[in-house]
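Per-entry structural report
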Amino acid sequence: VALLPDGTEQFTRQVDVSKAEAVQALCDATYDNYGAAHLVFNNAGVAVSGPTWTSTLDDWNWVLGVNLMGVVHGVKSFVPRMLESGEPGHIVNTASLAGLSSVPGSSVYCVSKHGVVTLSECLHHELQAAGGAIGVSVLCPAFFKTGIADSERNRPAEYADANPQGEEYAKFVKAAIEAGRLSAADIAQVTMEAVRDGRFYILPHGGAVRQVETRMQDILEQRAPTNPLGTR
């Protein structure tokens, strides 16, 4: 909000993106207020940590509900109306570098973000085939300073059963976020430039491409995956 020009009209809503009806209500309010939506950012995210085998069903349901189904709900609510209008538009889905790699202790989070990447790729192909004027980008940043390390503060009571070994892994995540050199404003600027340029994959961090390249080589050479944290 602080980056908007003075006098820009705006309205805010608190939305649980894991609920389809809540996102649909946001979409309806947007069209009621402005008559159109040209830029849609599916950006909500939460995170949990810990070994896959001790991850709880509550971990899976909470994270997939927000990170993946939140994007699904955003697409289902906004894209049909954007197509119907016939006007140019753009969808930006926030994934993560974790959507292009596989990080130990982050399987729940990585699965949710890998889902966002492939959803976005499929959506791109479909919109191209439909001949609409709607572009798609998927944002895949590495660690930078956001509130996601503290997302447990918003964890619903019905999903309270957390990974008993999560805290040890979470310490690494918090340290990596604090060490991040890019700010949220930096990521926003890179994202808007990518939208203007019509780029699909947005990787704001310089080392991300090398990490993705290593993973692709692992797949092409059918070898065991390289640990993105630096150990085999």
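Look up: the structure comes first, before these words.
Being a predicted model, the structure only gives us computed values, none of them experimental.

Quick notes on the overall build of the chain
Of the regular secondary structure elements, the chain holds six helices and four strands. Ordering the α and β elements of the chain from the N terminus gives α-β-α-β-α-β-α-α-β-α. Against the globule reference of 17 Å for 232 residues, the chain gives a C-alpha radius of gyration of 18 Å, in line with a compact fold. Taken along its principal axes, the extent of the C-alpha atoms in the chain is 50 × 45 × 35 Å. Here the chain holds 232 residues, and the buried ones make up 40% of them. In the chain, once contacts between residues fewer than 6 apart in sequence are set aside, the share between residues at least 24 apart is 72%. Counting only carbon and sulfur atoms, one obtains 55% of the accessible surface of the chain, whose full area is about 12900 Å². When the 17 basic and 25 acidic side-chain charges of the chain are each reduced to a single mean position, those positions are 6 Å apart.

Brief notes about helix H3 (residues 107-130)
For H3, which comprises 24 residues, the first-to-last C-alpha distance of 34 Å matches the rise-based estimate of 34 Å (1.5 Å per residue) to within 8%. Taken from the residues just after H3, Gly131 is the one with a positive phi, measuring 75°.

With respect to the nonpolar core
Grouped together as the largest cluster of nonpolar side chains are 26 residues, with contacts concentrated most on Phe78, Met82 and Val138. Other than its neighbours up to four places away in sequence, Met82 contacts Tyr31, Ala37, His38, Val40, Glu87, Gly89, His90, Ile91 and Ile134. Residues Val46, Val48, Val66 and Val108 belong to the second largest nonpolar core, which totals eight residues.

Section: the sheet that holds strand S3 (residues 134-139)
Taken together, the four strands give an open sheet; going across it, the order is S1-S2-S3-S4, and neighbouring strands pair in parallel fashion. Looking at the sheet topology across the chains shown, the edges are occupied by strand S1 (39-42) and strand S4 (201-202). By the bridge criterion, four bridges tie S1 to strand S2 (residues 89-94) in an arrangement that is parallel. Residue pairing in the sheet places Phe41 in a bridge with Val92 of S2. Each of S2, S3 and S4 is contacted by H3, which is oriented at about 160° to S3, the strand it contacts most. Lying on the sheet, helix H5 (residues 184-197) is in contact with S1, S2, S3 and S4; it crosses S1 at an angle near 135°.

Here we look at H5
With 14 residues, H5 should reach 20 Å at 1.5 Å per residue; the first-to-last C-alpha distance of 20 Å fits that figure. Residues of H5 that are buried include every one of Ile187, Thr191, Ala194 and Val195, and no others. Taken around the axis of H5, the buried residues stretch over an arc of 100°, which confines them to a single face. Across H5 from its buried face, at more than 90 degrees, point the exposed residues Arg196 and Asp197. Structurally, H5 contributes buried residues whose contacts are with S1, S2, S3 and S4.

Let's talk about the packing of helix H1 (residues 20-34) against helix H2 (residues 57-85)
In a packed pair of helices, the relevant descriptors are the angle between the two axes and the axis-to-axis distance. Running from N to C, H1 and H2 point in directions that differ by 30°, and their axes come no closer than 8 Å. When the axis of H1 is compared with that of H2, the two are roughly parallel. As for the relative orientation of H1 and H2, their crossing is right-handed in sense. Of the residues in H2, those touching H1 at Ala20, Val23, Gln24, Leu26, Cys27, Asp28, Thr30 and Tyr31 are His73, Gly74, Ser77, Phe78, Arg81 and Met82. Looking at the contact of H1 with H2 residue by residue, the class counts come to seven nonpolar, five polar and two charged.

Here we look at the pairing of S1
Where burial is concerned, the two faces of S1 differ: the one with Val40 and Asn42 is buried and the one with Leu39 and Phe41 is not. Following the backbone out of S1, through H2 and into the adjacent parallel S2, one traces a crossover that is right-handed.

Rules used throughout
- Residues numbered from 1 in each chain as written.
- Predicted model: local features only at pLDDT ≥ 70, side-chain atom pairs only at ≥ 80, totals over all residues.
- Heavy atoms only, no water.
- Helix = DSSP H or I, 4+ residues; strand = E, 2+ residues; numbered from the N terminus.
- Rg over C-alpha atoms; globule rule 2.2 N^0.38 Å.
- Buried < 20%, exposed > 50% of the residue type's maximum accessible area, 1.4 Å probe, protein only.
- Contact = heavy atoms within 4.5 Å.
- Areas by Shrake-Rupley, 256 points an atom, 1.4 Å probe, with all protein chains shown as cover.
- Lys, Arg positive; Asp, Glu negative; His and termini not counted.
- Charge placed at Lys NZ, Arg CZ, Asp CG, Glu CD.
- Expected span 1.5 Å × (residues − 1).
- Core = buried A, V, L, I, M, F, W, Y, C linked by side-chain atoms within 4.5 Å.
- Pairing = 2+ DSSP bridges.
- Axes fitted to C-alpha atoms, helices over the stretch in contact; angles between N-to-C directions.
- Arc of directions from axis to C-beta.
- Parallel < 35°, antiparallel > 145°, perpendicular 65-115°, else oblique.
- Left-handed = near helix turned anticlockwise from the far one by under 90°.
- Nonpolar A, V, L, I, M, F, W, Y, C, P; charged D, E, K, R; others polar.
- Right-handed = clockwise from strand over helix to strand, strands pointing away.

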